[in-house]
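Coordinate inspection notes
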Amino acid sequence: MKNKINIILTVLAAVLLVLGLYLLIKPYWQNYLQDGKINEVLEEMGTVATEQIEDSQEIAPVKEIEVTFSADQYVVAGEEWEEFPSTQDTDTTATDDQNIVRVNTYARLDIPSIGFSMPVADEATLYSLRISIGHHASTARIGAVGNAVLFGHRGYRTGRYFNEVHKIKPGDEIRIVTKDNTYIYEMVKSIDIDPSELWNKMKEPTDKARVILVSCTPLKNTKNLNRGDLRILVYGELKKIIPLG
């Protein structure tokens, strides 16, 4: 009887050990898969790593591509509560097979000061935000007068998604590269707002061509706020358009 109990305890300990390792490794494995897919998309679009580009005149055009993947792939931890209330998650990304989604990427967002480079999708949906930055379809076109609003997850780890967006400083370049042009914006300010203010900020009248980067803040729980309670908005104003041959 004693031997049987020892065997059961040993098996239980082994199961708990395996479960603990799985829970420990799972986030890193998810990050690995997400990063791999993002890099794959960037490569297919014809991207040069941001840190290799010193002169904005050297930037090459990107390709517009359609990315397909399973609806249960590349899930971002916490996306169920980090989802932004103004983004539209419709079934327009679904194919005939409802388990497959499509994301159309048409541009690349580069922020050299923080070593950031990610694809930009033409919608801000649950799925597009997993592998790209999402351009809210109801806002201004890139380079046009008005607010072009780009959503991105904050992410849990340094250097992933918009995790370091708060480090962008006034005067830093925010570059958006398409198949035709490079749009050079200059960061002018950032603000923290309650999510209830977001829609009004997105639709705020302006006679300038602006880009607004939107993500969650604060970075971690505080005494008065939980992670994701606020939104950080980073504003950039268009300074130059460089045609790409």
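Residues numbered from 1 in each chain as written. Predicted model: local features only at pLDDT ≥ 70, side-chain atom pairs only at ≥ 80, totals over all residues. Heavy atoms only, no water.

**A word on the overall build of the protein**
The line we're drawing: A run of H or I in DSSP counts as a helix once it spans at least four residues, and a run of E counts as a strand once it spans at least two, with each numbered from the N terminus. By the convention used here, residues are in contact when the closest approach between their heavy atoms is within 4.5 Å. Residue-level accessible areas treat just the shown protein chains as cover; the underlying method is Shrake-Rupley with a 1.4 Å probe.
In terms of helices and strands, the protein carries 4 helices and 9 strands. For the protein, the N- to C-terminal ordering of α and β elements is α-β-α-β-β-α-β-β-β-β-α-β-β. Of all intrachain contacts in the protein linking residues separated by at least 6 positions in sequence, the fraction that spans at least 24 positions is 69%. Counting only carbon and sulfur atoms, one obtains 53% of the accessible surface of the protein, whose full area is about 12,900 Å².

**What about the nonpolar core?**
Under the convention used in this document: Only buried residues count toward a nonpolar core, which is a set of Ala, Val, Leu, Ile, Met, Phe, Trp, Tyr and Cys residues joined through side-chain atoms within 4.5 Å. Exposure classes here rest on a 1.4 Å probe applied to the protein chains alone. A residue is buried below 20% of its type maximum, exposed above 50%, and partly exposed in between.
Leu-109, Leu-150, Ile-176 and Leu-213 are the most contacted members of the largest nonpolar core, which totals 45 residues. Among the elements that line this core, the one with the most residues is strand E2 (residues 100–111), at 6 residues. Contacts of Leu-109, omitting those with residues within four sequence positions, involve Phe-116, Ser-117, Met-118, Val-120, Ile-133, Leu-150, Phe-162, Ile-174, Arg-175, Ile-176 and Leu-213. With 11 residues, the next largest nonpolar core counts Ile-193, Met-202, Ile-212 and Tyr-235 among its residues.

**Brief notes about the confidence of the model for the protein**
Threshold: Each residue carries a pLDDT value, the predictor's own confidence for that position, ranging from 0 to 100.
Residues at a pLDDT of 70 or more form 72% of the protein, whose mean pLDDT is 82. Least confident of the elements in the protein is helix H2 (residues 79–82), whose mean pLDDT is 65; most confident is strand E5 (residues 146–151), at 97. Under a pLDDT of 50 for its full length, residues 86–96 has, in the predicted model, 25 contacts with residues more than four places off or in other chains.

**Details of the pattern of salt bridges**
Under the convention used in this document: We define a salt bridge as a side-chain nitrogen of Lys or Arg found within 4 Å of a carboxyl oxygen belonging to Asp or Glu.
Within the structure shown, the criterion is met by 9 salt bridges. In this structure, the salt-bridge partner of Arg-102 is Glu-66, at a minimum N-O distance of 3.7 Å. Taken together, the residues Arg-102 in strand E2 and Glu-66 in strand E1 (residues 65–70) connect sequence positions 36 residues apart. By relative accessible area, Arg-102 is classed as partly exposed at 39%. Salt-bridge contacts for Arg-210 lead to Glu-204; the nearest nitrogen and oxygen are separated by 3.4 Å. A relative accessible area of 27% means that Glu-204 is categorised as partly exposed. Each of Lys-201, Glu-204 and Arg-210 takes part in a single network of salt bridges with overlapping partners.

**A few points about the side chain of His-135**
Worth spelling out the cut-off: For the purposes of these results, a polar contact is taken to be a pair of N or O atoms within 3.5 Å, where, inside protein, one atom must be able to donate a hydrogen and its partner to accept one; residues adjacent in sequence count only when each atom of the pair is a side-chain atom.
Checked against the element boundaries, His-135 lands in strand E4 (residues 133–135). Look at His-135 and you get buried, because its relative accessible area is 8%. Of note is the side chain of His-135, whose polar atom sits 2.8 Å from the backbone oxygen of Ala-140. Not counting residues within four places of it along the chain, the set of residues in contact with His-135 comprises Tyr-106, Val-120, Ala-121, Asp-122, Glu-123, Ala-124, Ala-140, Arg-141, Ile-142, Ala-148, Val-149 and Leu-150.

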